[in-house]
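Report on the structure
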Amino acid sequence: MDIPWNESATLTRSVSHTETDEPSREILFEGPLHQVVNKIAGMSSDARKGFSISLPDRQVRPHTYDSHALRALIDDPFRPRR
């Protein structure tokens, strides 16, 4: 898969104040995909729980990375590290 490392990305976290509330999304960071992934790469998987990265301007799939796809981005050996 060709990862669009330089495309604009948004890091969000799913938050819920009570068990009856529907979860809402909180924006945590915006920037090129590689910067967003680098920002969370050192976090534990527990700390990343509820995180999702979306590519709002992307015209083709994928538009969103979460769970296993988010882990694959972090582990990608070709991810720009700067």
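Our subject in this report is the structure included herewith. All figures in this text were calculated on a predicted structure; none of them were measured in a lab.

Some thoughts on the pattern of salt bridges
According to the stated counting rule, one finds 3 salt bridges in the structure shown. Among the salt bridges present, the one from Glu7 reaches Arg58, with a minimum N-O distance of 2.7 Å. One end of the pair, Glu7, is in the segment before β1 (8-15); the other, Arg58, is in the loop between β3 (51-54) and β4 (64-66), with 51 residues separating them in the sequence. The exposure class of Arg58 is buried, given its relative accessible area of 14%. Where Glu26 meets Arg13, a salt bridge forms, and the shortest distance between an N and an O atom there is 2.8 Å. Taken together, the positions of Glu26 in strand β2 (residues 24-32) and Arg13 in strand β1 put the pair 13 residues apart, joining distant regions of the chain. Of the residues examined, Glu26 reaches a relative accessible area of 32% and is grouped as partly exposed.

A look at the side chain of Ser52
Structurally, the position occupied by Ser52 is in strand β3. With near-sequence residues (within four places) excluded, Ser52 lies in contact with Thr10, Leu11, Thr12, Arg25, Thr64, Tyr65 and Asp66.

Looking at the sheet that holds β4
Spatial ordering of the open sheet is given by β2-β1-β3-β4, a layout of 4 strands whose pairing is antiparallel. Strands at the two margins of the open sheet, each flanked by one partner only, are β2 and β4. When strand polarity is set aside, the average angle formed by the axes of neighbouring strands in this sheet is 25 degrees. Strands in contact with helix α1 (residues 33-40) are β1, β2, β3 and β4; relative to β2, the strand with the most contacts, it is inclined by about 115 degrees. Together, β3 and β4 form the strand contacts of helix α2 (residues 67-75), whose direction differs from that of β4 by roughly 90 degrees.

Section: the packing of aromatic side chains
If you walk through the whole model with that rule in mind, you get 0 aromatic pairs. The cationic tip of Lys39 hangs over the ring face of Phe29; the distance from NZ or CZ to the ring centre is 4.8 Å.

Some points on α2
Inspection of α2 places Leu70, Leu73 and Ile74 among the buried residues, and these make up the whole buried set. One side of α2 carries all its buried residues, which in axial view fall inside an arc of 100 degrees. Next to the buried residues of α2 lie α1, β3 and β4.

Rules of the game
- Residues numbered from 1 in each chain as written.
- Predicted model: local features only at pLDDT ≥ 70, side-chain atom pairs only at ≥ 80, totals over all residues.
- Heavy atoms only, no water.
- Salt bridge = Lys/Arg side-chain N within 4 Å of Asp/Glu carboxyl O.
- Helix = DSSP H or I, 4+ residues; strand = E, 2+ residues; numbered from the N terminus.
- Buried < 20%, exposed > 50% of the residue type's maximum accessible area, 1.4 Å probe, protein only.
- Contact = heavy atoms within 4.5 Å.
- Pairing = 2+ DSSP bridges.
- Axes fitted to C-alpha atoms, helices over the stretch in contact; angles between N-to-C directions.
- Phe/Tyr/Trp six-rings, centres within 6.5 Å; stacked < 30°, edge-to-face > 60°.
- Lys NZ or Arg CZ within 6 Å of the ring centre and 35° of its normal.
- Arc of directions from axis to C-beta.

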